[in-house]
Each structure stands twice: as C-alpha cells, then as structure tokens.
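A look at the structure
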Amino acid sequence: QKEVEQNSGPLSVPEGAIASLNCTYSDRGSQSFFWYRQYSGKSPELIMSIYSNGDKEDGRFTAQLNKASQYVSLLIRDSQPSDSATYLCAVWRQKVTFGTGTKLQVIP
Amino acid sequence: GAGVSQSPSNKVTEKGKDVELRCDPISGHTALYWYRQRLGQGLEFLIYFQGNSAPDKSGLPSDRFSAERTGESVSTLTIQRTQQEDSAVYLCASSRGVGGSQPQHFGDGTRLSIL
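Read on for an overview of the structure.

Turning our attention to the overall build of chain A. Regarding its fold elements, chain A presents zero helices and eleven strands. In sequence order, the secondary structure elements of chain A are arranged as β-β-β-β-β-β-β-β-β-β-β. At 13 Å, chain A has a C-alpha radius of gyration in line with the 13 Å of a compact globule built from 108 residues. Classification of the 108 residues of chain A by burial places 44% in the buried group. Considering only contacts in chain A between residues 6 or more positions apart, those separated by 24 or more positions represent 53%. For chain A, the exposed surface amounts to about 5,300 Å²; the carbon and sulfur share of it is 45%. Across chain A, the 11 positively charged side chains and the 10 negatively charged ones have centroids separated by 6 Å.

Here the structure, examined in full by the defined rule, presents ten aromatic pairs over all chains. When the centroid spacing of 6.4 Å and the interplanar angle of 20° are considered together, the rings of B:Tyr33 and B:Tyr35 count as stacked. The pair B:Tyr33 / B:Tyr35 is uniform in exposure class, with both members buried. On the numbers, 5.6 Å between centres and 25° between planes, the contact of B:Tyr33 with B:Tyr48 is stacked. Here B:Tyr33, found in strand β4 (residues 31–37), pairs with B:Tyr48, found in strand β5 (residues 44–50); they are 15 residues apart in sequence, far enough to count as distant. Each of the two residues, B:Tyr33 as well as B:Tyr48, counts as buried. Members of the aromatic cluster, each reached through a chain of ring pairs, are A:Tyr36, A:Phe98, B:Tyr33, B:Tyr35, B:Phe45, B:Tyr48 and B:Phe106. Taking NZ or CZ as reference, A:Arg60 lies 5.6 Å from the ring centre of A:Phe61, over its face.

It is worth spelling out the interface of chain B and chain A at this point. Counting from both sides, the interface comprises 17 residues of chain B and, opposite them, 15 residues of chain A. The contact between chain B and chain A buries some 1,300 Å² in all, and 57% of this surface belongs to carbon and sulfur atoms. Linking chain B to chain A there are zero salt bridges. Connecting chain B to chain A are three residue pairs in polar contact (both at pLDDT 80 or more). Considered class by class, the residues forming the side of chain B that touches chain A number six nonpolar, eight polar and three charged.

Attention now moves to the layout of surface pockets. The computed volume of the largest pocket comes to approximately 680 Å³. Around the largest pocket, the lining comprises 31 residues; the ones closest to its centre are A:Gln38, A:Gly41, B:Gln37, B:Gly40 and B:Gln41. For the lining of the largest pocket, the secondary structure elements donating two or more residues are β9 (85–93) of chain A together with β9 (88–95) and β11 (110–114) of chain B. The greatest single-element share of the lining of the largest pocket, amounting to four residues, is contributed by β11(B). Across the lining of the largest pocket, the residue classes break down as eight nonpolar, 18 polar and five charged.

Attention shifts here to the sheet that holds strand β3 (residues 19–24) of chain B. Residues and elements named next belong to chain B. A sheet is described by the order of its strands in space; here four strands give the open sequence β1-β3-β8-β7, paired in antiparallel fashion. What marks the edges here is a single partner per strand, and that holds for β1 (5–7) and β7 (65–69). In this sheet, neighbouring strand axes are inclined to one another by 15° on average, regardless of whether the strands run parallel or antiparallel.

Criteria and cut-off values
Residues numbered from 1 in each chain as written. Chains lettered and ligands numbered in written order. Predicted model: local features only at pLDDT ≥ 70, side-chain atom pairs only at ≥ 80, totals over all residues. Heavy atoms only, no water. Helix = DSSP H or I, 4+ residues; strand = E, 2+ residues; numbered from the N terminus. Rg over C-alpha atoms; globule rule 2.2 N^0.38 Å. Buried < 20%, exposed > 50% of the residue type's maximum accessible area, 1.4 Å probe, protein only. Contact = heavy atoms within 4.5 Å. Areas by Shrake-Rupley, 256 points an atom, 1.4 Å probe, with all protein chains shown as cover. Lys, Arg positive; Asp, Glu negative; His and termini not counted. Charge placed at Lys NZ, Arg CZ, Asp CG, Glu CD. Phe/Tyr/Trp six-rings, centres within 6.5 Å; stacked < 30°, edge-to-face > 60°. Lys NZ or Arg CZ within 6 Å of the ring centre and 35° of its normal. Buried area = accessible area lost by both parts, 1.4 Å probe. Salt bridge = Lys/Arg side-chain N within 4 Å of Asp/Glu carboxyl O. Polar contact = N/O pair within 3.5 Å; in protein donor to acceptor, adjacent residues only side chain to side chain. Nonpolar A, V, L, I, M, F, W, Y, C, P; charged D, E, K, R; others polar. 1 Å grid on protein atoms, 1.4 Å probe; cavity = no way out; pocket = protein on both sides within 12 Å on 5 of 7 lines; lining within 4 Å. Points joined across faces, edges and corners; volume = space filled by probe spheres on them. Pairing = 2+ DSSP bridges. Axes fitted to C-alpha atoms, helices over the stretch in contact; angles between N-to-C directions.

Shown next as structure tokens:
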C-alpha cells in the first residue's frame, strides 16, 4: 500500500462546477496535510494546509480532513479553466510524503 | 531572497560527465529538500537538510549522488558520471523547519538532460 494515494485522473469537470480531489494515507499518526498545485512544466505551489479534522476554506478552495477515515480532500468551487493542473497531496509525520497527484481538467 | 532560487534552470550534458545543481533557499528557512521529478511522474524524495546536517539520505538513488549544505544556506546536489536515466527536473524546496506545520516552498527547478 502506498503511503499517500491519489487517483491519477484525469478528472474532467465543466467550468463552474465543483471539482473534488481525494487523497488517502496509510500512517494513522500523520499530523499535517498539504495540497499543492502544479501546472505543466512548473514547480508545485502550496494551496492549502490543514491540521485538524473538519473543513478549512480559503476563497474557492476547501480542504477537508477526516483522520479517522484517513483521507483528506480538496474541493474547488466554481472551477475555472485556469484551475487545470495536477494537484498533489502531501502528508507529514516525521517527514513529508507526496502523492503522485491528480490531473484536473476544467472544460470551458 | 523572496523565493527559492535554483541554478542553472536548464542543463544539457553528455553521459559520463559530472553535474552540480545549486539551490538557494528562502532566507531564514532552516530545512532544505531535494526532489527529482521525471517527465509525467510524481515527486521522488532525494535528501533533506536540517541546518547543515542531512538526517535522511534514504532517497539518494546511488552513490553517484551526493549533496551538501553550508552556512545553513546554499545547497548543492552533485551527480557524478551521469547516466541517461538521470534526466529529470530536480526540484529544491525549503521550509522554516522540519516540524509538521511548516509547508515547503519550491524553486523553479533545474531541468537536466543527459545526452
């Protein structure tokens, strides 16, 4: 079992819809969780961090964490074509482990 | 500096040559990380530094790879006797510390091509 798992996609959503990206992790003791966005040919950039159970909202982005079920998700409301990118989930316990990313395509 | 700076941005070299990649972290960031990303693949952890020490070298692919950091600042990743499978983007990231609440901030990477 991979330490951090993401569906590679591509996940295609129409413009204006909600995109839901999911990530599961294997280490129950994981403490910090991050979402990065990576445009093609560019380096990852931090979007959200979340540390406790529940939802955390920042503009059109909402991160959701459920430690009991060992998953973290990222919701993007009112998806725009500019949101098309690969989204990386990262999990920390003693060290950071990245998932392989989910490719999101927002169709105009 | 304002962000993580990596140089060169692109490097093309012949198989068998040595290459040196440089990373200048954000000022005040004590932790520094190196990753490799092959085309269309995820991030592959190589090594991290806390200060000038490297507690975790587990990701270095072979003894041809080495890294050092001096002055709790600039780090260099050296690849000796390069092979074609070393072709990839090498990303450097830094964070305020290695604690769990500290996100990593990435540089633009060095795109390495081995002919």
